[in-house]
Amino acid sequence: MKSILENRPALAKEVNKVAEVAGYLWQKGWAERNGGNITINITDLIDDEIRQLAPISEVKQIGATLPYLKGCYFFCKGTNKRMRDLARWPMEHGSVIRILDDCASYVIIADNAVQPTSELPSHLSVHNDLIRKGSPYKASLHTHPIELIAMSHNPEFLKKDILTNLLWSMIPETKAFCPRGLGIIPYKLPGSVELADATLKELNEYDVVMWEKHGVFAIGPDVMEAFDMVDTLSKSAQIYINSRNMGFEPKGMSDEQMKELTLVFHLPK
Ligand code: 13P
Ligand code: ZN
């Protein structure tokens, strides 16, 4: 069977980035079994021939009405599919969906009838809002980074901006490359519309959000950038935990050092 990636280098490039990142997530130990999901808004890369493709699934409900997604196309990891398999065979463990004109339902159009991720409500709500805001961001990523999740089990770290400031102070790069910090979302059922709504709200203020005792959700211009932000935060979490394991509370950068960094790098907060 012919893949829609054939003779479409721009589309293939974005899907290959997903595959590359899926491999990193597995290697990092953040993607046990089917853990995590990725969706990419590929609408700009869709040609007339793809627009004519007949659906290969029945009509499915999103669970929300998302007016900015009318006629949009997304590449989505499949539900219950493994990141380590997505890394090698992206079109067998993910699929392309088309949002229908009611903005509340979709069909799968290629390559295989792989049911999209169970976190589709969160991913699509976020994409809807990105388009509404005129954002150039096309990628959203959910993953299960060990150290960051471990930190979310401490109620002290769930208070507003405590974790952001702690992670920023571990190494200068974290604030420079994740300048809006890490938002916190109290525990909610995976895949729920409540989780989607809270994610959407928190991403207005932060680059990455923590789903308490579950994982993180990040957005970016492409999936590499979204991954890099989570990786940077995770590095800080590891420095913190390594320090604690050596028997001391890390001192962190001083307020003066943080202020200087913010000023010189023109950071927003
Ligand atoms: P899916 O396999 O449905 O993408 O779910 C994985 C996950 O991490 C749910 O939060
Ligand atoms: Zn998850």
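In this text the structure is predicted, and so the values were computed from the model without any measurement.

**Q** It is not clear to me how the overall build of the protein should be interpreted in this structure. Could you clarify?
**A** Summing up its helical and strand segments, the protein has 11 helices and 9 strands in all. Against the 2.2 N^0.38 benchmark of 18 Å for 269 residues, the protein shows a C-alpha radius of gyration of 19 Å, consistent with a compact globule. A principal-axis box enclosing the C-alpha atoms of the protein has dimensions of 60 × 35 × 35 Å. Burial analysis of the protein (269 residues in total) assigns 54% to the buried set. Restricting to contacts in the protein with at least 6 residues of sequence separation, those with at least 24 account for 72%.

**Q** Where do I start with the coordination of the zinc ion (ligand 2) in this structure?
**A** Around a metal, the idealised angle for a tetrahedral arrangement of four donor atoms is 109.5 degrees; for an octahedral arrangement of six donor atoms it is 90 or 180 degrees. Within the protein, His 142 (NE2), His 144 (NE2) and His 214 (NE2) serve as the donor atoms for the zinc ion (ligand 2), at 2.0 to 2.1 Å. Between the donor residues of the zinc ion (ligand 2), the gaps in sequence give the motif H-x1-H-x69-H. Like His 144, His 142 is buried.

**Q** Could you clarify how one ought to interpret the pairing of strand β4 (residues 94–99) in this entry?
**A** It is a general feature of regular strands that their side chains alternate between the two faces of the sheet. β4 sits mainly inside the fold: 6 of its 6 residues count as buried. Alternating residues of β4 divide into Gly 94, Val 96 and Arg 98 and Ser 95, Ile 97 and Ile 99, and every residue in both groups is buried. Direction of pairing for strand β3 (residues 73–77) relative to β4: antiparallel, over a ladder of 5 bridges. Counted as the bridge partner of Cys 76 is Ser 95 from β4. With 4 bridges connecting them, β4 and strand β5 (residues 105–110) associate as antiparallel partners. The residue of β5 that forms the bridge with Val 96 is Ala 110. Here β4 folds back onto β5 in antiparallel fashion, the turn holding 5 residues, of which Cys 103 has a positive phi close to 60°.

**Q** Teacher, can you tell me more about the site of ligand 1 here?
**A** Taken together, 13 residues lie near ligand 1, and Asn 34, Thr 79, Thr 117, Ser 118 and Glu 119 sit nearest. Asn 37 has a polar side-chain atom sitting 2.9 Å from an oxygen atom of ligand 1. Between an oxygen atom of ligand 1 and a side-chain N or O atom of His 214, the distance comes to 3.0 Å. When isolated, ligand 1 has an accessible area of 300 Å², and the protein chains bury 93% of it. Within the shell around ligand 1, the residues separate by chemical class into no nonpolar, 11 polar and 2 charged.

**Q** Looking at this structure, how should I read the environment of Glu 58?
**A** Mapping Glu 58 onto the fold places it in the loop between α2 (48–51) and β2 (60–61). A residue is classified by how much of its surface remains accessible, and Glu 58, at 53% relative accessible area, is exposed. Spatially, the C-alpha atoms of Glu 58 and Val 107 are 6.4 Å apart, while their sequence positions differ by 49 residues. Non-local contacts of Glu 58, meaning those with residues more than four positions away in its chain, are made with Tyr 106 and Val 107.

**Q** Teacher, can you tell me more about the sheet that holds β5 here?
**A** To summarise the sheet geometry, strands pair through backbone hydrogen bonds and adopt either a parallel or an antiparallel arrangement. Here we have 9 strands laid out as an open sheet, ordered β2-β5-β4-β3-β1-β6-β9-β8-β7, and mixed in their pairing. With partners counted over all chains shown, the strands left at the sheet margins are β2 and β7 (182–185), one partner each. Of the strand pairs in this sheet, β2 and β5 are connected by 2 bridges, and their pairing is antiparallel. Along β5, the bridge assignment pairs Gln 61 with Ser 105.

**Q** Honestly, the pattern of salt bridges in this entry has me stumped. Any pointers?
**A** Side chains bearing opposite charge may pair, as long as their charged atoms lie close to each other. If you walk through the whole model with that rule in mind, you get 16 salt bridges. With a closest N to O distance of 2.9 Å, Lys 28 and Asp 231 form a salt bridge. A residue pair is termed long-range when its members are at least 10 positions apart, and Lys 28 in the loop between α1 (9–27) and β1 (37–41) and Asp 231 in helix α10 (residues 223–245) qualify at 203 residues. The class of Lys 28 is partly exposed, set by a relative accessible area of 35%. A salt bridge links Asp 129 to Arg 132, with the shortest nitrogen-to-oxygen separation between them at 2.8 Å. One end of the pair is Asp 129 and the other is Arg 132, both in helix α5 (residues 120–132) and 3 residues apart, which spans about a single turn.

Reading guide: rules and limits
- Residues numbered from 1 in each chain as written.
- Chains lettered and ligands numbered in written order.
- Predicted model: local features only at pLDDT ≥ 70, side-chain atom pairs only at ≥ 80, totals over all residues.
- Heavy atoms only, no water.
- Helix = DSSP H or I, 4+ residues; strand = E, 2+ residues; numbered from the N terminus.
- Rg over C-alpha atoms; globule rule 2.2 N^0.38 Å.
- Buried < 20%, exposed > 50% of the residue type's maximum accessible area, 1.4 Å probe, protein only.
- Contact = heavy atoms within 4.5 Å.
- Donors = N, O, S within 2.8 Å, 3.2 Å for Na, K, Ca; no water.
- Pairing = 2+ DSSP bridges.
- Near = heavy atom within 4 Å.
- Polar contact = N/O pair within 3.5 Å; in protein donor to acceptor, adjacent residues only side chain to side chain.
- Areas by Shrake-Rupley, 256 points an atom, 1.4 Å probe, with all protein chains shown as cover.
- Nonpolar A, V, L, I, M, F, W, Y, C, P; charged D, E, K, R; others polar.
- Salt bridge = Lys/Arg side-chain N within 4 Å of Asp/Glu carboxyl O.

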